Amino acid sequence: RAWQAATMRPRRKREYQAKRWAQAAEGFRQVVSRFPSYSAADQAQFLMADAYARAGASGDARSAYEQFLAYFPESDLASSAAFRVGLIRFEAHDYMAAAVAFTRALEDSAGREVRSAARFDLALCQRALGDLPAARAELEKHRAEFPSGDHAAEVAFQLGDLDEAADNHAEAARGYERALGLSPSRALAAEIGFRLGHCREQLHDVPGALRAYGDASRDAPRAEPFRLSALARLAALHEARREYAQAVAAYRDIMQNANDKELVAAAADRVSQLAPNTRRR
């Protein structure tokens, strides 16, 4: 029977490698059900669950991962399986069950990548559940354990966001500055820059707000919503300072790149009002 299982498994792996997900999942299911004592049954079960997930059958994938954890709790793949359960539960907005799964992933001998992602996602679950002190504690643990890496900028951003929600704008601004120094994605950088500008406005630091909004508007995709929000605040601040040429330039940028017709119309209206002032100066 072990020989039969060993000969079936390569065929299933070829289906998996060819991205025939449904066939691969069914094939691995047959391996597991027919040969439960096969030495690589845990790998077959894991690949079955993964194939279900890739086929878009999230319910079957979740069940297969949960069966994996019941049948193979000592497997080297257990932490990855628990993490995958957490992701599926999180995407279904079942944050309590997701938090339990992410916690289990952290309890096992998880690799560094899985551990980093699980701790970050656990913090997001706790935020969604309204347990802000627990979310902050997990984010602080993540920052201490993984000061750099894929989630470092997002962790700093989340900590800044918690401070901003508590109206601690000075600490939030410091958190956002740390996040910007950790190479966030262009889209995330635009949001961080906008939020930093807002904090500096709340601290009555208009020059600092102008710098933050200007930075947010430079590098992001042209139609990115937070870039456009930063431009709108940039224009309003320049207008308040009677720096009409800079205000008009920002409003025209919005007109060229926004998809929201009302936003474009509002920017066009401000340009028509301010353009005569730029000609007189």
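Our structure is the block above this text.
Below, the structure is looked at part by part.

Calculation rules
Residues numbered from 1 in each chain as written. Predicted model: local features only at pLDDT ≥ 70, side-chain atom pairs only at ≥ 80, totals over all residues. Heavy atoms only, no water. Helix = DSSP H or I, 4+ residues; strand = E, 2+ residues; numbered from the N terminus. Buried < 20%, exposed > 50% of the residue type's maximum accessible area, 1.4 Å probe, protein only. Contact = heavy atoms within 4.5 Å. Areas by Shrake-Rupley, 256 points an atom, 1.4 Å probe, with all protein chains shown as cover. Axes fitted to C-alpha atoms, helices over the stretch in contact; angles between N-to-C directions. Parallel < 35°, antiparallel > 145°, perpendicular 65-115°, else oblique. Left-handed = near helix turned anticlockwise from the far one by under 90°. Nonpolar A, V, L, I, M, F, W, Y, C, P; charged D, E, K, R; others polar. Core = buried A, V, L, I, M, F, W, Y, C linked by side-chain atoms within 4.5 Å.

### Focus: the overall build of the protein
- Helix and strand counts for the protein come out as 15 helices and zero strands.
- Overall, the protein is about 90 × 35 × 25 Å in size when its C-alpha atoms are taken along their principal axes.
- Counting all 281 residues of the protein, 47% fall into the buried class.
- Looking at the protein alone, contacts between residues at least 24 apart form 45% of all its contacts between residues at least 6 apart.
- In the form shown here, the protein has an accessible surface area of approximately 14,500 Å², with 49% of it arising from carbon and sulfur atoms.

### Brief notes about the packing of helix 9 (residues 152-165) against helix 11 (residues 186-202)
- Between helix 9 and helix 11, the least distance of the axes is 11 Å, while the angle of their chain directions is 30°. Classified by the angle their axes make, helix 9 and helix 11 are roughly parallel. In the packing of helix 9 onto helix 11, the handedness of the crossing is left-handed. Together, Glu 154, Phe 157, Asp 161 and Glu 164 of helix 9 and Leu 188, Glu 191, Ile 192, Arg 195, His 198 and Cys 199 of helix 11 make up the contact between the two elements.
- Of the residues belonging to the contact of helix 9 with helix 11, the class tally is four nonpolar, one polar and five charged.

### Re the nonpolar core
- Among the nonpolar cores identified, the biggest contains 39 residues, and Tyr 16, Phe 28, Tyr 65, Phe 68, Leu 69, Phe 83 and Phe 102 are the most heavily contacted of them.
- When contributions to this core are tallied by element, the ones reaching two or more residues are helix 2 (21-34), helix 3 (41-54), helix 4 (58-71), helix 5 (78-91), helix 6 (95-107) and helix 7 (112-128).
- In terms of residue count, the dominant contributor to this core is helix 3 (eight residues).
- Leu 228, Leu 231, Ala 258 and Val 271 belong to the second largest nonpolar core, which has 21 residues in total.

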